[in-house]
Amino acid sequence: MRRRLSAALAALTVFTGLAACGVSSGAGSSGQPDELHVLVEAMQPVFDQWQGGVTTQGVLLLVNEPLIRYDGDGFQPNVAASFDQVSPTKFVFELRDDVRFSDGSELTAEDVKFTFQQAMRDDHMSTTHIVMKAIKSIDVSGKTLTVELAQPHSLFLYTVARTGIVSKAFYDKHGDKVGTPDVGQLGSGPYQLVKFEPNKTMTIGRNPDYWGDQAPFASITFTIVSDDSARLLALHSGEANAIFEIPTGQIKAVRTVEDFTFTTIDGTSLIMLMMDVTKPPFDDPDVRAAVRHAINRQGVVDSALAGNGQVARTLVSASTLERVASPHAVENTLGKFDKDNAFDPDLAKRLLRKAGKPNGFSVTLPVESTDADASLVAQALAQDLKRVGIDVRLEQKGDDYVEVILRGKHEGVLLFQFSSNAPDPVMPMDYFVPAKSHLNLTRQNTPAADEALARSHAIPVGEAKRGQALLSGLEAYHSAGVSLPLAIPDMTFGLKKPMTIDGFTNYWWMQRWDLLVGVNR
């Protein structure tokens, strides 16, 4: 399913794009290059934080910086000189005096208020909106911003840390054109937007008047390279000196590139199969169970991901769940899910007969064409399902993929890849479980899960009862058998020697990650 250009044509396309971005391989006396050029697999169509993925948000948050930053261990002041949670629902932020947008205009508390209000809009179909809609009021007094939530939400500070502040005046002037190539974006961060070609490349350059730690790179360019041959050629030639989120099927080949240092860590991206209970035949619990038992998830990891990942047992990893509950309690819960989702094709056939479909059925599965991992996973599960009589037709989707899955323009089965944006198990649960969430792609209403989530938000982080509530919420969600967590791909990145990175985590994009890049001496 992953169509390939010829190597020669692909290389020409990549190198032309790199040259246009002014990429240089030159380095200063320290050995660190002035310009960082990163190969990525996907990019959003607008330079806008509410339409970006994790990789590109690593660029967006260097232009539109947040009030606070998450450094892997906790929250640190940024645009906000200080912040305080004075009650379960009340937060107070005190802004710095010296922060200006890159055009010289002052960043004010009104800009922050406007930014939060943008994120609260119902027409912003982002994960940020899911948390920001909990805001009841935002009050501004000089440099002080007070936010009151309608109810406690344990993800609020994480969401603030990934919400870049935008200029109200800039949006008032340019409206919907903000983030397009003609208008660009205005921020207060260490870099400013230099060039943006939707779905192709983006370049940010050093902001010389930045209030904080100066940018170590004169420019950083992210360029899409979706073809395997072109990706290898760009790395071998030295035209690119960094690569983030390598497609798992190509990790082995990319690791052969000399003069690069590659690092692999456990990923936070979950690939899962979801079934819409409002669309036959997936409204039948026996059909949903047949689908789950027909798929060999370990086989999917071994074949589609070439072993570069792990089987997903629920919406979040076991290590993340163990942040809130004991290993024994976590394993006890996950063991139940393993049994309900065990690979058993004979049982799958019996369940299809019980559902009145002894000969199986046919269904179309939309697949995001730019997601190499998801495409390979789709092929693997289609082969498994065919063995029990379910014929899955894979339909490649481009820019319309998100519209297809969010608007229900499909036949009832979906393959969805989602990257967690907070190291807390409530994060994916809060997005996919509640009946009213626009990311509840199963359309399942599970009151017990909703109630457990509400309880968890009201319990302070660190208390044992919170972990119990979250585990009970997961049990209630999985009891309906509406989704099958498939795989968690490893996260692999590479930097051209002598560059290295210190403190790289699953949430690198929320940090000043450019400052983590250094040189081995």
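This text goes with the structure placed above it.
Residues numbered from 1 in each chain as written. Predicted model: local features only at pLDDT ≥ 70, side-chain atom pairs only at ≥ 80, totals over all residues. Heavy atoms only, no water.

*Asks:* Looking at this model, I keep getting lost on the nonpolar core. Mind explaining?
*Replies:* Nonpolar side chains tend toward joint burial in soluble globular proteins. Leu-67, Phe-93, Phe-116, Phe-156, Ile-220 and Phe-222 are the most contacted members of the largest nonpolar core, which has 109 residues in total. With 37 residues, the next largest nonpolar core counts Ile-271, Val-287, Leu-352 and Ile-390 among its residues. (Core = buried A, V, L, I, M, F, W, Y, C linked by side-chain atoms within 4.5 Å. Buried < 20%, exposed > 50% of the residue type's maximum accessible area, 1.4 Å probe, protein only.)

*Asks:* Got a minute to help me understand empty space enclosed by the protein in this structure?
*Replies:* Rolling a probe over the atoms, with the probe sized like a water molecule, indicates the empty space that remains. Under the counting rule described, the total for this entry stands at one cavity of 30 Å³ or more. By volume, the largest cavity amounts to about 70 Å³. Residue lining of the largest cavity: Leu-273, Phe-282, Val-291, Phe-361, Val-363, Leu-365, Leu-381, Leu-385, Ile-390, Val-392 and Val-413, and that is the complete set. Secondary structure elements with two or more residues in the lining of the largest cavity: strand E15 (361–368), helix H14 (372–386) and strand E16 (390–397). Ranked by the residues each element gives to the lining of the largest cavity, the list is headed by E15, at three residues. Split into classes, the residues belonging to the lining of the largest cavity amount to 11 nonpolar, no polar and no charged. (1 Å grid on protein atoms, 1.4 Å probe; cavity = no way out; pocket = protein on both sides within 12 Å on 5 of 7 lines; lining within 4 Å. Points joined across faces, edges and corners; volume = space filled by probe spheres on them. Helix = DSSP H or I, 4+ residues; strand = E, 2+ residues; numbered from the N terminus. Nonpolar A, V, L, I, M, F, W, Y, C, P; charged D, E, K, R; others polar.)

*Asks:* What am I meant to see in unusual backbone geometry here?
*Replies:* In this model, Pro-280 is joined to Pro-281 through a cis peptide bond whose omega is 0°. With respect to the helices and strands, the residue Pro-281 is situated in the loop between strand E13 (269–275) and helix H9 (285–294). That bond from Lys-497 to Pro-498 is cis: its omega, 10°, falls within 30 degrees of zero. In this fold, Pro-498 is placed in the loop between strand E19 (491–496) and strand E20 (499–501).

*Asks:* Mind showing me how you'd approach H9 here?
*Replies:* Think of an α-helix as 3.6 residues a turn; residues three or four steps apart then line up on the same face. Of all the 10 residues making up H9, nine are buried; the element is thus mostly covered by neighbouring parts of the structure. Listed as buried for H9 are Asp-286, Val-287, Arg-288, Ala-289, Ala-290, Val-291, Arg-292, His-293 and Ala-294. In this structure Asp-284 caps H9, since a side-chain oxygen of it lies 2.8 Å from the backbone nitrogen of Asp-286. (Polar contact = N/O pair within 3.5 Å; in protein donor to acceptor, adjacent residues only side chain to side chain.)

*Asks:* Just checking my understanding: could you explain the pattern of salt bridges for this structure?
*Replies:* A side chain of one charge can pair with a side chain of the opposite charge if their charged atoms are brought near each other. By the definition in use, this model includes 17 salt bridges. Close ionic contact of Asp-384 with Arg-387 constitutes a salt bridge, the shortest N to O distance being 2.8 Å. We classify Asp-384 as buried; its relative accessible area is 11%. Within this structure, Arg-313, Glu-331 and Asp-338 form a network of salt bridges that share partners. (Salt bridge = Lys/Arg side-chain N within 4 Å of Asp/Glu carboxyl O.)

*Asks:* Looking at this structure, how should I read the pairing of E16?
*Replies:* In the case of a regular strand, side chains alternate between the two sheet surfaces. With eight bridges joining them, E15 and E16 adopt parallel strand pairing. Bridging from a neighbouring strand, Pro-366 pairs with Glu-395 of E16. Read from E15 through H14 to E16, the crossover connection turns out right-handed. (Pairing = 2+ DSSP bridges. Right-handed = clockwise from strand over helix to strand, strands pointing away.)

*Asks:* Would you mind showing me how to read the packing of aromatic side chains here?
*Replies:* Two numbers describe a pair of aromatic rings. These are the distance of the centres and the angle of the planes. One pass over the full model with this rule turns up 21 aromatic pairs. A ring pair is formed by Phe-83 and Phe-93, whose centres lie 6.5 Å apart and whose planes are at 25°; its orientation type is stacked. On the criterion of sequence distance, the pair formed by Phe-83 in strand E4 (residues 80–87) and Phe-93 in strand E5 (residues 90–95) is long-range, its members being 10 residues apart. The class for Phe-83 is partly exposed, based on a relative accessible area of 25%. Classification of Phe-93 as buried rests on a relative accessible area of 0%. Ring geometry for Phe-244 and Trp-508: centres 4.9 Å apart, planes at 70°, overall edge-to-face. Placement of Phe-244 in the loop between strand E11 (242–243) and helix H8 (251–254) and of Trp-508 in the loop between E20 and strand E21 (517–519) is noted, with a sequence separation of 264 residues between them. In this pair, the class of Phe-244 matches that of Trp-508, namely buried. Ring pairing ties together the aromatic residues Phe-222, Phe-244, Phe-493, Trp-508 and Trp-513, which thus form one cluster. (Phe/Tyr/Trp six-rings, centres within 6.5 Å; stacked < 30°, edge-to-face > 60°.)

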